[in-house]
Amino acid sequence: HKLSSLMIKSISCLVAFLLAILVAQLNAAPLTWQKVFTHTGDFPTAVRLGALGYYEKNQLLIYYGGIGSAGISAETHICNLSGPRGGNVTCAWAQVTTTRDPGPRFFPYSGVCESEEIFVVAAGQDNMGVNLNDIWYFRFDTMDWYSINATGDVPDVRYAGGSGFVPGTCEFFLTMGFGGTYRNSDTFVIDLTNTTQNSVGEWRQVAPSFNSYDPSGPHSRCLNAGTFMSSTTFAIFGGCLNSFKVLSGGPCPSWDSWYFDLPSWSWHQLPTCLAPRSFVSMSNLPNNTDSAVLYGGRLDSKVISTVSATPPPDYEVDILDLTTPQKWFRRIAEPDPLNGIPTWRHSHNMITGYGLVFVYGGDNGSNIQELWTLSGDYRENTDIPCPHHFFT
């Protein structure tokens, strides 16, 4: 009798659990746009190609540098978020006055380390056209900037690659980028734990450069998208691979994608699906370590090697899912009930936090001073078939 009673209770618990999963799936909202039209305050003058981060402890966005109507910026702005996590939020912008800063720059490498309470900006190009390889951090407790005396395998000068902190650590990761006359495919890591006590860090090169005929890794590139998807994987998409010579380097823009496996320090190519793009951005999906969302980008190019493809519709967002099988999905994002969808753009920033994916700024022929969010389950959105692309 006791055994039967236990079996009945176990079955009841299992049924309740399965019903809860079913209800959650039925109630899952599709991936939906929301315009943060109530954002107020002292907006950044720059709206494209800056550095954007999210600091969970104080629930704020931070934006540094970039390009706007006033030129290349050295301003630091924070956006204090309020409202329901994962819902309709309000952003109050404020400019931060600091005693020092990294100087005017655009397309730097950046990321936030929560444990050290810092926002890092590295490399980029300054307002004199000089490519940089320095590294700075902004402390959220003192609200000021500090430089780091970096040693070791210091990366060459560069901008417009991929970067971020390895999740759960204070190891800053940097890869790809443009050095002025050449593109890079090498990869570096610097541990910034306790950096605030001595302002010294040591770079380590963890993956080499790949030549244009080596299929074992991604070709050198810049203007690509990149994001950490978990503590062991960093993904990149597209960018410009051309090395300024006919049939050299690769397409510009490109449509290939790769992920870097940190345990083995090695690159692995992913299936193709998306139209080729540069000046594109991506970020991991909230509460999902296996998926990331990619949005926007340019399909045209001013260099020799170009490709032809059907332009993505304005309503398209793209999902990289690294679960088995690894693949890309094209989806139709649901519009904001009041504001529709954002105009297609490039040179924007994307970052994940507060249960949302934030899309800030960009260029669609003119500077865009807007903040949008994406939230929801992409599996609930309408699918778009993969296109075909080819060289022209």
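Everything here concerns the structure above.
Residues numbered from 1 in each chain as written. Predicted model: local features only at pLDDT ≥ 70, side-chain atom pairs only at ≥ 80, totals over all residues. Heavy atoms only, no water.

**Q** Go over the sheet that holds strand 8 (residues 76-82), please, and point to the residues and values.
**A** The sheet built from five strands is open, its strands ordered 2-9-8-5-4 with mixed pairing. Here the strands that pair on one side only, and so sit at the sheet edges, are strand 2 (40-41) and strand 4 (51-55). Across two bridges, strand 2 lies against strand 9 (residues 90-96) in parallel orientation. Each bridged residue has a counterpart across the sheet, and for Thr40 the counterpart in strand 9 is Ala92. (Pairing = 2+ DSSP bridges. Helix = DSSP H or I, 4+ residues; strand = E, 2+ residues; numbered from the N terminus.)

**Q** Go over the pairing of strand 14 (residues 144-147) with me, naming the residues and quoting the values.
**A** Pairing geometry for strand 13 (residues 131-139) and strand 14, over four bridges, is antiparallel. Its bridge partner lying in strand 14, Arg139 is registered against Asp144.

**Q** Outline unusual backbone geometry, listing residues and values.
**A** Leave glycine aside and you will find that most residues have negative phi; peptide bonds, for their part, are mostly trans. The omega angle of the peptide bond from Cys252 to Pro253 is 5°, so this bond is cis rather than trans. With respect to the secondary-structure elements, Pro253 resides in the loop between strand 21 (233-237) and strand 22 (257-261). Positive phi values are uncommon outside glycine, yet Leu49 reaches one of about 65°. As for its placement among the helices and strands, Leu49 is situated in the loop between strand 3 (46-48) and strand 4.

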